[in-house]
Amino acid sequence: MKKRAVIEYFLPIFGYIAVVALFAIVITIFTEGVTTFKSYSLWKFLTGTAWRPTEEPAKLGSLPLLVSTCIVSIVAMIIAIPLGLATAIYIGKLANDKVKDILKPIVELLASIPSVVYGFFGIVFIAPLVQKVLHLPIGQTGFTAGLILAFMSLPTIASISEDAITAVPASFEWASFALGASKLETLIHIVIPAATPGIITAVSLGFGRAIGETMAVLMVGGGALGMPHSIFSPMRPITATIAAEMGETPVGGLHYHALFALACELLLLVTIFNVVAEYFHQKFTRMRG
Amino acid sequence: MEKTKKQEIIFAVIKILAYLSVVFLATLLGYIFFRGFKVINIRFLTDVPRNGITEGGIFPAILGTFYLVLVSFIFAVPIGILAGVYIAEYTEENRFTQFIRVSVNILSGVPSIVFGLFGLAIFVNKMHFGVSILSGGLTLGILILPTVIQATIEALRSVPYSFREASFGIGATKWQTVKNIVLPTGISGILTGIILSIGRAAGETAPILFTAATFYTGRLPKSIFDEVMALPYLIYGLMTTGTFPDKQIPIAYGASTILLLLVFTMSIIAIIIRLKSRRNRKW
Amino acid sequence: MVKIEVKDLKLWFGNKKILKEISMSIPEKSVLAIIGPSGCGKSTFLRSLNRMNDFIKGVKIEGKVYLDGKNIYSPDVNVFELRKKVGMVFQKPNPFPKTIYENIAYGLKIHGIKDKKMIQETVEKSLRDANLWNEVKDKLFDNAFSLSGGQQQRLCIARAIAIKPEVILMDEPTSALDPIATKRFENLVEELKKDYTIVIVTHNIQQAARVSQYTAFLYVGELIEFNRTEKIFTAPEDKRTEDYITGKFS
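These notes cover the structure that comes with them. What you see as residue numbers is a count from 1 along each chain, following the sequence as written. The naming scheme follows written order: chains are lettered A onward, ligands numbered 1 onward. Local features in a predicted model are, by the rule used here, given only for residues with pLDDT of at least 70; side-chain atom pairs are given and counted only at 80 or more, and totals for whole chains, interfaces and linings are based on all residues. To obtain the side-chain values, all non-hydrogen atoms of the structure were included, while hydrogens and water were left out.

### Comments concerning the overall build of chain A
Our working definition: Secondary structure follows DSSP: runs of H or I at least 4 residues long count as helices, runs of E at least 2 residues long count as strands, and numbering of each begins at the N terminus. Type-normalised accessible area, obtained with a 1.4 Å probe on protein chains alone, sets the label of each residue: buried when under 20%, exposed when over 50%, and partly exposed for intermediate values. By definition, residues are in contact when any of their heavy atoms lie within 4.5 Å. Per-residue accessibility takes into account occlusion by the displayed protein chains alone, with areas from the Shrake-Rupley method and a 1.4 Å probe. In this count, Lys and Arg are taken as positive residues and Asp and Glu as negative ones, while His and the chain termini are left out. We put the charge of a Lys on NZ, of an Arg on CZ, of an Asp on CG and of a Glu on CD.
Scanning chain A for helices and strands turns up 13 helices and 2 strands. Counting only C-alpha atoms and orienting by the principal axes, one finds that chain A spans roughly 75 × 75 × 35 Å. For chain A, with 289 residues in total, the buried portion stands at 56%. For chain A, the share of sequence-separated contacts (at least 6 apart) that also reach a separation of at least 24 residues comes to 70%. With the model as given, the accessible surface of chain A reaches about 11,800 Å², and the carbon-plus-sulfur share is 69%. For chain A, the separation between the mean place of its 18 positive charges and that of its 16 negative charges on side chains is 4 Å.

Take a look at the structure:
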């Protein structure tokens, strides 16, 4: 048996770095966040409808922020899922090789645009456009933020769904064509059902990105702190609130910890969503056999 | 034939929806580049901002972004590659390695603002690095770490097992095989992942908001314990806290253009490397 | 009665000519075996009988294929209706990742049959005709992939005959099956020929001798010999046919 290289003794340490980092992050965020509830009621934090952290006494009702996060992400998904799936189907099944070679990199470029640039484009172009087209008093709304988020999560949804669609064995399609089915029927009844677990993963990753996105919703969401009346009112989701307020609050105070508590809420939301997505993923994988 | 008619209409709709993202990208780039290139010149790239960022250049922000990316690179790339090597080459498929890989996946899905909070609590406050290049670079490093690990694992997995057997067959040790055969064969995949994560680190704002970035400083950083200007934060600042929008928004266009060119260069290099390696692959 | 008449069929993949001036008449309700060495174009020929080659890029087809006197390559032909009449079974069993029931019901739904009772009856009848009913009647709603390879291939037959085709094309249907499953499959073919015209591509010369009434020998894209099976196997006219069936080359 030959001697092991020195570096091989250290490799396992690096192997666990991601686990360590993940635990460090979760523990840090939760310990800092939980401190809030030594002096503020958890119930009031979860159900309160007023977020006024600088008032005396502070009001830390996070419900409007949570609702805003949900509205913005759901709007984003309503737009991004059809667009992303259509892109995936087009690239995966309909486009010829030349078009495919152009479209795929374009989708990748869309994914690489920094979120602050999306936010910037949102302010200078999308918000005024939304305001004008929908005759709104203000262009920076939850809907506008959702629209921007849709294009930010589209590449994730499109590329992972496309992988799932192209991974469906061609023999299924041949069988369907041989029965006299058209390309469309084959797509709807055979290919997409077979790709469903992959598509669910794609959508859940896209949704995760939308929930956690900060800069674009901060810049385009309009920043209003009250409970949103409609998707067309200005709002400030959880992420945007943390980003906007952390810079102006003293370290170690109630407000500081409350912002960590918001991050806990965000992490829980993402986790719950992932568990649900995983459940459906498993269910459809089993159905497929 | 009704069947083909229906199909034609639906496929046309799908095609239009698919091209919407192209239209969106083209509009975004056209709109920003057109205004951005108007303000970009040598002075814009090399001068410090003047008069409350209404004149002058954005050199400190470019330099700051470079420093932040550099620190995150030095931190994340070696560790990420070694972690990937360990997971791909030195572990058997079992519950525990599954746990490691799930952790990597979860880490890559943690919202970037949460990384920012973590950096603030640990690097800035607990370790007393303060708001600095070091704090921000480390925070960005942890952010891109899972990407580097995932790229490494995927690249190494794509190396055929027979390559390893051939190397063992001539008496090479495991590490010699990994170092001389597996890593060089998978290098293009790893490179692609690294380059993409550099682009990501350069463009992220939320993680550096409270760990490294400052909206305006007249001087250039002297050590890694200094706070810095950074391109993404500059754009954010100009659009939200700026007091002279007429003069500052054009600068934001310029900064956005520079930032876009930077990340696109990274993406395009990555795409080219991938295409080339696919074309050169003989096995 | 001639069911399919092939006239001067030529086929190219790009510049490469795969099929050279093939002509033959396939009699109704009989089994035609197509034999020949790998790469001789037998599968391509088979796929040109239900226009499955339409999907392949760079394919060019000339000549005519008449089904009941109507050229299937004429522009007014509804290719979906054509494939309803000319069913196909593939080399590897390829059931859909759905239940056994849905696998068979799919073709019916595609062709506009919505009546539940009728679908149920057809599913049962098709499975009976495919000699599969007794094995699966208690697990119709199990996933089709829970079946064995041989059962899967018979399910593919059931799926094909559910939409009442007139012709069934089989592309080396037993190449992925073990000997026992192959035997059962061949028995099924024997029964099916009472109602259907069957064209079977096979790599297995003995299989051709066992199941077919007519045999066509293809060699490098050319039809060398077409005749009654016993004639081909006892007194082939062409030297190459003789060499092939006696195993001098394969």
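### Details of the overall build of chain B
For chain B, the count of helices and strands is 10 helices and 2 strands. Along the chain direction, N to C, the helices and strands of chain B fall in the order α-α-β-β-α-α-α-α-α-α-α-α. The C-alpha extent of chain B, read off along each of the three principal axes, is 70 × 70 × 35 Å. Here the contacts in chain B between residues at least 6 apart in sequence split such that 76% fall between residues at least 24 apart. The averaged location of the 13 negative side-chain charges in chain B is 5 Å from the averaged location of its 25 positive side-chain charges.

### Describing the interface of chain B and chain A
Heads up, the rule is: The term buried area denotes the loss of accessible surface (1.4 Å probe radius) that occurs when two parts are joined, taken as the sum for both partners. We define a salt bridge as a side-chain nitrogen of Lys or Arg found within 4 Å of a carboxyl oxygen belonging to Asp or Glu. Polar contacts, as used here, are pairs of N or O atoms within 3.5 Å; protein pairs need one atom able to donate a hydrogen and one able to accept it. Residues neighboring in sequence count only if both atoms are side-chain atoms.
The interface is formed by 72 residues belonging to chain B together with 73 residues belonging to chain A. Taken together, both faces of the contact between chain B and chain A bury some 6,500 Å²; the carbon and sulfur share is 83%. If you sort the residues of chain B by the area they bury against chain A, Phe-24, Tyr-86 and Leu-117 of chain B come out on top, with a joint share of 10%. Summed over the shared surface of chain B and chain A, the result is 2 salt bridges. Across the pair Lys-3 of chain B and Glu-185 of chain A runs a salt bridge, and its minimum N-O distance is 3.1 Å. In this structure, the connection of chain B to chain A is made through 11 residue pairs in polar contact (both at pLDDT 80 or more).

### Some details on the side chain of Thr-141 of chain A
All names here are of chain A. Tracing the backbone shows Thr-141 in the loop between α7 (115-133) and α8 (142-166). By relative accessible area, which is 0% here, Thr-141 ends up buried. Of the polar contacts made by the side chain of Thr-141, one reaches the backbone nitrogen of Phe-143; its length is 3.2 Å. Leave out the neighbours within four places in its chain, and Thr-141 touches Leu-136, Val-220, Gly-221, Ile-231, Phe-232, Ser-233 and Pro-234.

### Looking at a nonpolar patch on the surface
This is how it is decided: The patches reported here contain residues having more than 30% relative accessible area and no salt bridge. Joining distances are 9 Å for like charges and 5 Å for nonpolar side chains (Val, Leu, Ile, Met, Phe, Trp, Tyr).
Among the surface-exposed residues, Leu-129, Val-133, Leu-134, Ile-231 and Phe-232 of chain A lie close enough to one another that they form a single nonpolar patch of about 400 Å² accessible area. As for its placement among the helices and strands, Leu-134 of chain A is situated in the loop between α7 and α8.

### Regarding the packing of helix α5 (residues 63-94) of chain A against helix α6 (residues 97-112) of chain A
All names here are of chain A. Test applied: Between N-to-C directions, angles cover 0 to 180 degrees, with each direction set by a line fitted to C-alpha atoms, over the stretch in contact for helices. Put simply, a crossing is left-handed when the front helix is turned counterclockwise from the back one by less than a right angle, and right-handed when it is turned clockwise. Following the grouping adopted for this structure description, the nonpolar residues are Ala, Val, Leu, Ile, Met, Phe, Trp, Tyr, Cys and Pro, the charged ones are Asp, Glu, Lys and Arg, and the polar ones are all others, Gly among them.
For the pair α5 and α6, interaxial distance at closest approach is 9 Å and the crossing angle is 145 degrees. Helix-helix and strand crossings are classified by hand; for α5 and α6 the assignment is left-handed. On the side of α5, the interface is formed by Thr-87, Tyr-90 and Ile-91, while α6 contributes Val-99, Lys-100, Leu-103, Lys-104 and Val-107. In terms of residue class, the contact of α5 with α6 is made up of 5 nonpolar, 1 polar and 2 charged.

### Digging into helix α9 (residues 231-240) of chain B
In terms of burial, α9 of chain B is largely enclosed, as 9 of its 10 residues are buried. All of the buried residues along α9 of chain B are Leu-231, Pro-232, Tyr-233, Leu-234, Ile-235, Tyr-236, Gly-237, Leu-238 and Met-239 of chain B. Where α9 of chain B is buried, its residues touch α7 and α11 (215-220) of chain A together with α3 (59-89), α8 (174-203) and α10 (245-280) of chain B.

### As for the environment of Gly-36 of chain C
All names here are of chain C. Note on placement: Gly-36 falls in the loop between β3 (31-35) and α1 (42-47). When the C-alpha atoms of Gly-36 and Lys-114 are compared, they prove to be 43 Å apart, with 78 residues separating the residues in sequence. Beyond its immediate sequence surroundings of up to four residues, Gly-36 is in contact with Lys-42, His-203, Phe-217, Leu-218 and Tyr-244.

### Here's the deal with the packing of aromatic side chains
What counts here: Here is the rule: rings of Phe, Tyr and Trp (six-membered ring for Trp) pair when centre to centre is within 6.5 Å. Planes less than 30 degrees apart are stacked, more than 60 are edge-to-face, and the remainder are tilted. Only when the NZ atom of a Lys or the CZ atom of an Arg is both within 6 Å of the ring centre and within 35 degrees of the ring normal do we say a charge sits over the ring.
Following the criterion strictly, the structure yields 33 aromatic pairs over all chains and no others. In textbook terms, an aromatic cluster arises when at least three aromatic residues are bridged by ring pairs, as seen for Tyr-118, Phe-120, Phe-121, Phe-125 and Phe-151 of chain A together with Phe-24, Tyr-31 and Tyr-253 of chain B. In this arrangement the basic side chain of Lys-44 of chain A is found over the ring face of Tyr-40 of chain A, its NZ or CZ atom lying 5.5 Å from the centre. Sitting over the face of the ring of Trp-12 of chain C, Lys-60 of chain C holds its NZ or CZ atom 4.4 Å from the ring centroid.

### Things to note about unusual backbone geometry
Trans peptide bonds make up most of the peptide bonds, and negative phi angles are found at most residues other than glycine. Backbone torsion omega between Glu-56 of chain A and Pro-57 of chain A reads -5 degrees, so that peptide bond is classified as cis. By secondary structure assignment, the location of Pro-57 of chain A is in the loop between β1 (51-52) and β2 (59-60). Even without glycine at this site, Asn-51 of chain B takes up a positive phi of about 50 degrees. Mapping Asn-51 of chain B onto the fold places it in the loop between β1 (49-50) and β2 (55-56). One non-glycine residue with positive phi stands out, namely Asp-68 of chain C, at about 50 degrees. Along the polypeptide, Asp-68 of chain C turns up in the loop between β4 (59-67) and β5 (70-71). With relative accessibility at 43%, the residue Asp-68 of chain C sits in the partly exposed group.

### Focus: the layout of surface pockets
Condition: A 1.4 Å probe that fits into a set of points on a 1 Å grid over the protein atoms alone but cannot get out defines a cavity; an open set with protein on both sides within 12 Å along at least five of seven lines defines a pocket, and lining residues are those with an atom within 4 Å of a point. Grid points are joined across faces, edges and corners, and a volume is the space filled by probe spheres set on the points.
By volume, the second largest pocket is sized at about 590 Å³. Taken together, 26 residues make up the lining of the second largest pocket; nearest its centre are Ala-243, Ala-244, Gly-247 and Glu-248 of chain A together with Tyr-233 of chain B. Of all the secondary structure elements, the ones that give two or more residues to the lining of the second largest pocket are α11 and α12 (238-246) of chain A together with α5 (112-126) and α9 of chain B. Of all the elements, α9 of chain B adds the most residues to the lining of the second largest pocket, at 4 residues. Taken together, the residues of the lining of the second largest pocket break down into 15 nonpolar, 9 polar and 2 charged.

### Comments concerning the pairing of strand β8 (residues 197-201) of chain C
Residue and element names in this part refer to chain C. Quick reminder of the rule: Being paired, for any two strands, means DSSP has found at least two bridges between them. Here the term right-handed applies to a crossover when the path leading from its first strand over the helix to its second strand runs clockwise, the strands being oriented away from the viewer.
Counting buried positions along β8 yields 5 of 5 residues, so the element is predominantly enclosed. Both faces of β8 are covered, namely the face carrying Thr-197, Val-199 and Val-201 and the face carrying Ile-198 and Ile-200. As paired elements, β3 and β8 share 4 bridges and run parallel to each other. Note that in β8 the partner of Ile-34 across the bridge is Val-201. Where strand β7 (residues 167-171) lies against β8, 5 bridges are found, and the strand directions are parallel. If you follow Met-170 over to β8, its bridge partner there is Ile-200. Handedness of the crossover joining β7 and β8 through helix α7 (residues 179-192): right-handed.

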